[in-house]
Amino acid sequence: MEIIATSFYKYVNVKYPENFQRRHFGFCNKLGIKGKILVSKEGINGAISGTREQVEKYKREIIKNKLFKGIVFNDSYASEYPFKKTIVRVRKEIVTSGLKVNLRNKGKYISPAELNKLIESNDDFILVDARNNYESKIGKFKGAITPNIETFREFKSIINDLNKFKDKKIVTYCTGGVRCEKASAFLRENGLTNVFQLGGGIINYINQFPDEYFEGRCFVFDDRLSIQTGRNTKDITICELCHIPSGRYINCANKKCDNLFICCEECDVKLKHTCSKKCRTKVF
């Protein structure tokens, strides 16, 4: 059975997020979808999965709410549910950042096609990855600046490194857009005025242009951990156990370890979804 996974977000003023959370949780459970949805006074950020019929019904229902008119959904596919349950939670931010920005100052959107034109015309611009280092390790746009950060909260630490590019055009990107939108506003409010953001992020890009200028795999925050970015996806890193090319992330099955690491399929089978012989003996 083919499962549709879709992600979405919108920065919008939600007056009573607790009321929305209660109603939305009930709706999601009744519909039978699985995923994680965060809502706050600044908007909504979600990733859900289900059959095509379930997902399409979810989309139709959410856009009935005038707050979410124009919301964009980025679809990907899975052979099984990438989420184990349904979570709808109220949060202070829809993506934890600690960035106190006015989103009216966000960078203008550019489409995947417009990004391709920039690349192909050899335009003098900078691509800045707004994701974490473990995400960019397995996939990124060619030539992009990939900050060595472990959480989005650390993004503000790179501003001094980017100041040398204040006279250049800058394009921020992330998985689906929710982080690079805040990142673009932060950069503009800190002196980098010619800032844009990739609309819909990596998933929107690879849906339109697989096997083009994004190399490697795309990290996702669900049980899949990464997705292919085209029919001819070439891994840009190596298995941490045998050192052959791989871009597959797994979590060690030893729950006390739970190490997130890159592992090829052969090593995965050999060590039974663990990161070492020591962890394998503790699990099996």
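All chains use their own residue numbering, which begins from 1 and follows the written sequence. Only residues with pLDDT of at least 70 get local features here, since the model is predicted, and only at 80 or more are side-chain atom pairs given and counted; chain-wide, interface and lining totals rely on the full set of residues. To get the side-chain values, take all heavy atoms of the structure and skip hydrogens and water.

K.L.:
Where do I start with the packing of aromatic side chains in this structure?
P.N.:
For any pair of aromatic rings, the description consists of the separation of the ring centres together with the inter-plane angle of the planes. Only Phe, Tyr and Trp rings are paired, with Trp represented by its six-membered ring, and only when their centres lie within 6.5 Å; those with planes under 30 degrees apart are stacked, over 60 edge-to-face, the remainder tilted. Applying the stated criterion to the full structure yields 14 aromatic pairs. Both rings, one in Phe-141 and one in Tyr-205, keep their centres 4.9 Å apart while their planes meet at 80°; by these two values the pair is edge-to-face. Linking Phe-141 in strand β8 (residues 139-141) with Tyr-205 in helix α7 (residues 201-208), this pair joins segments that are 64 residues apart in sequence. Here Phe-141 and Tyr-205 have matching classes, each one buried. For the ring pair Phe-152 and Phe-155, a centre distance of 5.8 Å and an interplane angle of 45° mean the geometry is tilted. Phe-155 matches Phe-152 in its accessibility class, with the two residues each being buried. Through successive ring pairs, a cluster of aromatic residues spans Phe-141, Tyr-173, Tyr-205, Phe-209 and Phe-214. The rule is short: NZ of Lys or CZ of Arg within 6 Å of the ring centre and within 35 degrees of the ring normal puts a charge over the ring. A cation sits over an aromatic face here: Lys-34 above Tyr-81, 4.8 Å from the ring centre. By definition, any uninterrupted DSSP run of H or I lasting at least four residues is a helix, any uninterrupted run of E lasting at least two residues is a strand, and each is numbered from the N terminus. Type-normalised accessible area, obtained with a 1.4 Å probe on protein chains alone, sets the label of each residue: buried when under 20%, exposed when over 50%, and partly exposed for intermediate values.

K.L.:
Please clarify how the layout of surface pockets should be interpreted in this entry.
P.N.:
Empty space left among the atoms is revealed by rolling a probe the size of a water molecule over them. Here a cavity is any set of points on a 1 Å grid over the protein atoms alone where a 1.4 Å probe fits but cannot get out, and a pocket is any open set with protein on both sides within 12 Å along at least 5 of 7 lines; a residue lines the site when it has an atom within 4 Å of a point. Grid points are joined across faces, edges and corners, and a volume is the space filled by probe spheres set on the points. Here the largest pocket is characterised by a volume of approximately 1300 Å³. Forming the walls of the largest pocket are 49 residues, and the residues nearest its centre are Lys-36, Phe-83, Val-220, Phe-221 and Asp-222. Counting only elements with at least two residues in the lining of the largest pocket, the list comes to β1 (3-11), β2 (34-40), β3 (43-50), β4 (72-78), α6 (178-189) and β14 (249-251). Element by element, the count of residues in the lining of the largest pocket is highest for β1, at five residues. Along the lines of polarity and charge, the residues of the lining of the largest pocket split into 22 nonpolar, 15 polar and twelve charged. Considering only enclosed or pocket space, the second largest pocket measures out at about 550 Å³ in volume. Those elements giving two or more residues to the lining of the second largest pocket turn out to be β4, α7 and β13 (226-227). Counting residues per element, the lining of the second largest pocket draws most heavily on β4, at four residues. Residues are grouped as follows: nonpolar covers Ala, Val, Leu, Ile, Met, Phe, Trp, Tyr, Cys and Pro; charged covers Asp, Glu, Lys and Arg; every other residue, Gly included, is treated as polar.

K.L.:
What should I look at first to understand the packing of helix α3 (residues 112-120) against α7 in this one?
P.N.:
Helices that pack against each other are described as a pair by the angle of their axes relative to one another and the distance between those axes. Put simply, α3 and α7 touch, their axes get as near as 9 Å, and they point 80° apart. Between α3 and α7, the angle is such that the two are roughly perpendicular. For the pair α3 and α7, contact is made by Pro-112, Leu-115 and Asn-116 and by Asn-204, Tyr-205 and Gln-208, respectively. Among the residues forming the contact of α3 with α7, the class breakdown is three nonpolar, three polar and no charged. In this description, a line fitted to the C-alpha atoms serves as the axis of each element, helices being fitted only across the stretch in contact, and the angle between N-to-C directions of two axes falls anywhere from 0 to 180 degrees. Here roughly perpendicular refers to angles of 65 to 115 degrees, roughly parallel to angles under 35, roughly antiparallel to angles over 145, and oblique to all remaining angles. Every residue pair with non-hydrogen atoms within 4.5 Å of one another is taken to be in contact.

K.L.:
What's the story with the sheet that holds β3 in this structure? I'm lost.
P.N.:
Hydrogen bonding along the main chain pairs the strands of a sheet, whether they run parallel or antiparallel. By the convention used here, strands pair only if DSSP detects at least 2 bridges between them. What the five strands build is an open sheet, ordered β4-β1-β3-β2-β5; its pairing is mixed. Two strands bound the open sheet, and with one partner strand each, they are β4 and β5 (86-90). Sheet twist, expressed as the average angle between the axes of neighbouring strands with direction ignored, equals 10°. Alignment of β2 against β3, held across seven bridges, turns out to be antiparallel. Directly across from Lys-36, in β3, lies its bridge partner Ala-47. Here helix α1 (residues 17-31) sits on the sheet and contacts β2, β3 and β5; the angle it forms with β5, its principal contact strand, is near 175°. Against the sheet, helix α2 (residues 52-62) makes contact with β1, β2, β3 and β4, and its axis sits at roughly 160° relative to β3, the strand it touches most.

K.L.:
How should I be thinking about the pairing of β3 in this particular structure?
P.N.:
Each regular strand displays side chains that alternate between the two surfaces of the sheet. The element β3 is largely enclosed, with a buried count of seven among its eight residues. Inspection of the sheet shows β1 paired to β3 by eight bridges, in the antiparallel sense. The partner of Ile-4 across the bridge, within β3, is Gly-50.

K.L.:
What exactly am I supposed to notice about the packing of α1 against α2 here?
P.N.:
Closest axis-to-axis distance for the α1/α2 pair is 11 Å, and the angle between their directions is 155°. Considered as vectors, α1 and α2 are oriented roughly antiparallel to each other. Handedness of the α1/α2 crossing: right-handed. Where α1 approaches α2, its residues His-24, Phe-27, Cys-28 and Leu-31 are matched on the opposing element by Gln-54, Lys-57, Tyr-58, Glu-61 and Ile-62. Definitions for this section: a left-handed crossing has its near helix turned counterclockwise from the far helix by less than a right angle. A right-handed crossing has that turn clockwise.

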